[in-house]
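# Chains, contacts and geometry: an overview
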Amino acid sequence: QVQLVESGGGLVQTGDSLRLSCAASGRTFSTHAMGWFRQTPGNEREFVAAINWNGGTTSYVDSVKGRFTISRDNVKNTVYLQMNSLKPEDTAVYYCAARARDPAYYSISEFLYEYDYWGQGTQVTVSS
């Protein structure tokens, strides 16, 4: 049974920092690209950040560039999202995702349909 479990969300103030973690179990994702997405009520789930299999390539949505950093520890089978200078606009449920299908499951993608495993989400709320 493959599982991705997010943690680290919470209620913070504008300008604060949080680090989200995504712990994978059931299989090793050391050769798979991983991503973070977020969703607010009434809106589509949107891309936030992605990282390729060895961490050598990353991608971010424009609104978080310079503030968020995605990283991974393949020994721990875990991916992280460091979020600095948080804004109220960052308030959302954050989801971890993993690619699995051939070809190119090791490469980053911003598209929801190219991810195959999803976590349950963790709530991030940023107050003014």
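Residues numbered from 1 in each chain as written. Predicted model: local features only at pLDDT ≥ 70, side-chain atom pairs only at ≥ 80, totals over all residues. Heavy atoms only, no water.

## Comments concerning the environment of Gln-13
By the secondary structure assignment, Gln-13 is in strand 2 (residues 10-13). Here Gln-13 falls in the exposed class, since its relative accessible area comes to 52%. The spacing of Gln-13 and Thr-125 is 112 residues in sequence and 8.2 Å in space, taken between C-alpha atoms. (Helix = DSSP H or I, 4+ residues; strand = E, 2+ residues; numbered from the N terminus. Buried < 20%, exposed > 50% of the residue type's maximum accessible area, 1.4 Å probe, protein only.)

## A few points about the state of the cysteines
Under the defined criterion, the tally for this structure stands at one disulfide. One disulfide bridge connects Cys-22 with Cys-96, the sulfur atoms lying 2.1 Å from each other. Its S-S torsion of about -75° marks the bond between Cys-22 and Cys-96 as left-handed, since a negative value means left-handed. With a gap of 74 residues between them, Cys-22 in strand 3 (residues 18-25) and Cys-96 in strand 9 (residues 92-98) connect regions that are remote in the sequence. The residues Cys-22 and Cys-96 share a single accessibility class, namely buried. (Disulfide = S-S within 2.5 Å.)

## Describing the packing of aromatic side chains
In this structure the tally under the stated criterion is seven aromatic pairs. Geometrically, the ring pair formed by Phe-29 and Tyr-117 is edge-to-face, given 5.9 Å between the ring centres and 70° between the ring planes. Note that Phe-29 is positioned in the loop between strand 3 and strand 4 (34-39) and Tyr-117 in strand 10 (residues 117-118), a separation of 88 residues in sequence. Tyr-117 gets classed as partly exposed once you look at its relative accessible area, which sits at 27%. Judged by centre distance (5.1 Å) and plane angle (55°), the ring pair of Phe-37 and Trp-118 falls under tilted. Here Phe-37, found in strand 4, pairs with Trp-118, found in strand 10; they are 81 residues apart in sequence, far enough to count as distant. By relative accessible area, Trp-118 is classed as partly exposed at 28%. Lying over the aromatic face of Tyr-95, Arg-45 brings its terminal NZ or CZ to 3.6 Å of the ring centre. Taking the ring centre of Trp-118 as reference, the NZ or CZ of Arg-45 above it sits at 5.1 Å. (Phe/Tyr/Trp six-rings, centres within 6.5 Å; stacked < 30°, edge-to-face > 60°. Lys NZ or Arg CZ within 6 Å of the ring centre and 35° of its normal.)

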